Amino acid sequence: MQPTSSEYEATRAEKLSRIEALGLDPWGGRFDGHMPIQTILGLPTDVPDDQRPRVKAAGRIVSRRQGGKVHFLDLWDWSGQPTKRATKTEDGSHETQEFLDWSSRIQVMVGQKQVGETGWALAQELDLGDLLGIEGTFGKTKRGEPTIFAEKLTFLSKSLQPHPDKWAGMQDMEFRLRHRYLDLVYNPDILDKALKRIRILRQIRSYLEKQGYVEVETPTLHAIAGGAAARPFETHHNALDIPLFLRIALELHLKRLLVGGIEKVYEIGRVFRNEGISPKHNPEFTMMELYQAYGNYETMMELTEGLIVACVDCLGGSRVIPWADKTIDFSPPWQRRQYGELFQEHVGCDMLDPAAVKVAAQKYHIPLTADAGKGQPRVEKEHDVLVHELFEHRVEDKLVGPVFVYDYPAALCPLTKRKRGNPAIAERFELYVHGMELANAYTELNDPVTQEQTFRKQLTGLSEEDSMAKMDDDFVRALRHGMPPAGGLGVGIDRLVMLLTNSQTIRDVILFPLLRPEK
RNA sequence: GAAGGCGUAGCUCAGCUGGUAGAGCAACGGACUUUUAAUCCGUAGGUCCUGGGUUCGAGCCCCAGCGCCUUCACCA
């Protein structure tokens, strides 16, 4: 897909040489002192024409209306500002909300007499998509449109490729993904979400810093890809001649840092999972993992709630935010529900009763056996595997949330401490919002002997890649030197940004999601 | 990995029962000094995703392939 219309390219190339012939640089240069378009739009316009403020702007030409001796251009830049807008609430009344409204357009009037001979000659060569600097005065036209009345044009860069339709824009998803730089200009939503994402990350860092957490960086290349149940990407180090894996989680290194005395530690980083691609999954995504010495999963619940509410607030809107055709109410406190209690409610039996769970699995058509691989006979699934499949099938999509679901079946959580007095239950919670898992937290296992056993235990009914049973001797050795009891938290940043920006696909919040290469 | 949908001009999309390839915007030439998707006159623009097949004749029907989207599976 390399659309090179020779006609379009030829005419634009001709214009480029005509711009050069005017003595101008078609690729521009330093252009100082221009104001954000948003700022210009905020200037007063109710002044006499001879007292209009002088302004200077730079941006992309996204629309054009030409007359004989006067042209109108729309100039685009990214200069959004928080703006207040009235929104209708459900009962019909109005309330004022602050929005981040990135990207601005302003009209520019280019008159033959005002811009001089060269300026007017340049104006004849302008195309949609070109970058242009404008100096002039700011006021309103007779029709009342805020407008820069140009006095000097500075050519800043030529677009040799035609840009999308100024009216219909870009619709084709593949075209948008493969031309994200255009998508950012012509679908303002994407720029808005990208900048909100950065704002959320900044908020997480400042919130955690205030709480005394330290941000660290740990290796991306792992000899053993542990800490989660996922298939890794494989690679190879030439000098050492060893296989390596891209990390699938941050966990095991951060816990080593707990042993090393960094009591409140977190990392925000890219992890890589060699799994399928879907509206909720990209092979590389951003994870925040955090550990706090001498805490437990309840500590993490309190932290999670405060942290995410701070993220909601940093976008400047209400705590009740839209999600598809629904809303999410992030006002604390959030619901806390026990896993077993929800299981009882929606599946209709005790999750600790193996016979009852089997009956329920049959009732909801969940197979009792699993494929053990090519040529192998099918094997009976572990009790806790069945329980969780039932939970996913019957409970997950009923969790509107935000709701903390806590106390998980122990076998599913090999890096988690068991509940005191109840070895079948692990001290873990997941935060659900509209059936989506937003955060995952544990009271971390710091007993090296139990850790080694759970590493070695392969859950029947799960394939090896799907299991967390990957022995990591170096990690166990670290635990043997004494890791403080701790609470740990993981947050999928992409999912969080999706929820806070009303994005139903992860590709709206990742600027360059993985695509199959063209041809 | 499975099923379904889509792929036509630079962009957004029509295209009837199989019978000469269409529109809007964009582009090119011309008119116009206050336009708002400017207007008016004129011109040009196509590997109908690719490759086979059926047919007198295929954008349309059949087969295979490629890419994207949706749902499902794995996963966060």
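Every value quoted in this text rests on a predicted model; they were computed, and no experiment measured them.

Description of the protein's contact with RNA strand B
The environment of RNA strand B is made up of 49 residues, and the closest members are Tyr 8, Arg 143, His 281, Arg 507 and Arg 516. When the atoms of RNA strand B within 4 Å of the protein are grouped by moiety, sugar and phosphate amount to 56% of the total. Asp 165 places a polar side-chain atom, nitrogen or oxygen, 3.0 Å from a base oxygen of RNA strand B. At 2.7 Å from a sugar or linking oxygen of RNA strand B is found a main-chain nitrogen or oxygen belonging to Gly 169.

Some thoughts on the nonpolar core
Counting 46 residues, the largest nonpolar core has Ile 204, Leu 208, Met 288 and Leu 489 as its most contacted members. Here the element with the most residues in this core is helix α8 (residues 297-314); it accounts for 11 residues. The next biggest cluster of nonpolar side chains, apart from the first, holds 27 residues, and it includes Leu 386, Leu 390, Ile 425 and Ala 426.

Some thoughts on the pairing of strand β7 (residues 146-157)
In the case of a regular strand, side chains alternate between the two sheet surfaces. Here strand β5 (residues 104-111) runs beside β7; their pairing, made up of 3 bridges, is parallel. Bridge pairing in β7 places Val 108 opposite Ile 148. Both strand β6 (residues 131-140) and β7 contribute to a ladder of 10 bridges, which runs antiparallel. Paired with Phe 138 across the strands is Ile 148, a residue of β7. Adjacent in sequence and paired antiparallel, β6 and β7 are bridged by 5 residues, among which Gly 144 carries a positive phi angle near 90°.

Things to note about the environment of Tyr 181
Along the chain, Tyr 181 turns up in helix α5 (residues 180-186). Tyr 181 sits in the exposed class, given a relative accessible area of 52%. Remark: the alpha-carbon pair of Tyr 181 and Asp 46, spanning 135 residues in sequence, is separated by 37 Å.

Considerations on the confidence of the model for chain A
Confidence in the prediction of chain A, expressed as mean pLDDT, is 86, and 91% of residues score 70 or more. The low-confidence segment residues 84-99 (pLDDT under 50) makes 29 contacts with residues lying over four places distant or belonging to another chain. The complex model carries a pTM of 0.87, and its ipTM stands at 0.87.

As for the environment of Asp 508
Mapped onto the secondary structure, Asp 508 falls in the segment after α14 (493-500). Accessibility expressed as a relative area gives 17% for Asp 508, which makes it buried. C-alpha of Asp 508 to C-alpha of Pro 279: the two residues are 229 residues apart in sequence and 9.3 Å apart in space. Once residues within four sequence positions are removed from consideration, Asp 508 is found in contact with Arg 180, Ile 190, Lys 193 and Ser 503. In this structure the side chain of Asp 508 is engaged in a polar contact, spanning 3.3 Å, whose partner is the side chain of Lys 193.

Quick look at the packing of helix α12 (residues 448-456) against helix α13 (residues 473-480)
Closest axis-to-axis distance for the α12/α13 pair is 9 Å, and the angle between their directions is 160°. As the angle between them shows, α12 and α13 are arranged roughly antiparallel. The two elements α12 and α13 meet at a crossing, and its hand is right-handed. Where α12 approaches α13, its residues Pro 448, Gln 451, Glu 452, Phe 455 and Arg 456 are matched on the opposing element by Asp 473, Phe 475, Val 476, Leu 479 and Arg 480. Tallied by class, residues from the contact of α12 with α13 come to 5 nonpolar, 1 polar and 4 charged.

Points about the sheet that holds strand β11 (residues 242-246)
Taken together, the 3 strands give an open sheet; going across it, the order is β9-β11-β10, and neighbouring strands pair in antiparallel fashion. Each edge of the open sheet is held by one strand with a lone partner, namely β9 (221-222) and β10 (234-237). Taken together, the 4 bridges between β10 and β11 define a ladder with antiparallel strand orientation. Considered in β11, the bridge of Thr 235 is made with Leu 244.

Points about the sheet that holds strand β2 (residues 70-77)
The strands making up a sheet associate through backbone hydrogen bonding, with each pair oriented either parallel or antiparallel. Strand order in the closed barrel formed by 5 strands is β1-β2-β5-β7-β6, and the pairing between neighbours is mixed. Within the sheet, the average angular offset between the axes of one strand and its neighbour, ignoring direction, is 55°.

A closer look at the pattern of salt bridges
Under the definition given, this model contains 30 salt bridges. A salt bridge links Glu 151 to Arg 54; the nearest nitrogen and oxygen atoms lie 3.0 Å apart. Here the residue Glu 151 occupies a position in strand β7, and Arg 54 occupies one in strand β1 (residues 54-66), the gap between them amounting to 97 residues. On the basis of relative accessibility, which here comes to 35%, the residue Glu 151 falls in the partly exposed class. According to the relative accessible area criterion, Arg 54 is exposed, its value standing at 55%. Bridged by salt links that share partners, the residues Lys 15, Asp 127, Asp 130 and Lys 158 form one connected network.

Some remarks on helix α7 (residues 251-259)
Here α7 has its buried residues at Glu 251, Leu 252, Leu 254, Lys 255 and Leu 258. One face of α7 carries all of its buried residues, which in axial projection span an arc of 160°. The inward-facing, buried residues of α7 abut β12 (264-272), β13 (284-293), α13 and β23 (486-492). Taken from the residues just after α7, Gly 261 is the one with a positive phi, measuring 95°.

Observations concerning the packing of aromatic side chains
Applying the stated criterion across every chain yields a total of 6 aromatic pairs. With a centroid separation of 4.6 Å and an interplanar angle of 50°, the aromatic rings of Tyr 339 and Tyr 408 are classed as tilted. Remark: Tyr 408 occurs in strand β19 (residues 403-409) and Tyr 339 occurs in helix α9 (residues 339-347); sequence separation between them is 69 residues. A relative accessible area of 0% places Tyr 339 in the buried class.

So, how was this worked out
Residues numbered from 1 in each chain as written. Chains lettered and ligands numbered in written order. Predicted model: local features only at pLDDT ≥ 70, side-chain atom pairs only at ≥ 80, totals over all residues. Heavy atoms only, no water. Near = heavy atom within 4 Å. Polar contact = N/O pair within 3.5 Å; in protein donor to acceptor, adjacent residues only side chain to side chain. Core = buried A, V, L, I, M, F, W, Y, C linked by side-chain atoms within 4.5 Å. Buried < 20%, exposed > 50% of the residue type's maximum accessible area, 1.4 Å probe, protein only. Helix = DSSP H or I, 4+ residues; strand = E, 2+ residues; numbered from the N terminus. Pairing = 2+ DSSP bridges. pLDDT = per-residue confidence, 0-100. Contact = heavy atoms within 4.5 Å. Axes fitted to C-alpha atoms, helices over the stretch in contact; angles between N-to-C directions. Parallel < 35°, antiparallel > 145°, perpendicular 65-115°, else oblique. Left-handed = near helix turned anticlockwise from the far one by under 90°. Nonpolar A, V, L, I, M, F, W, Y, C, P; charged D, E, K, R; others polar. Salt bridge = Lys/Arg side-chain N within 4 Å of Asp/Glu carboxyl O. Arc of directions from axis to C-beta. Phe/Tyr/Trp six-rings, centres within 6.5 Å; stacked < 30°, edge-to-face > 60°.

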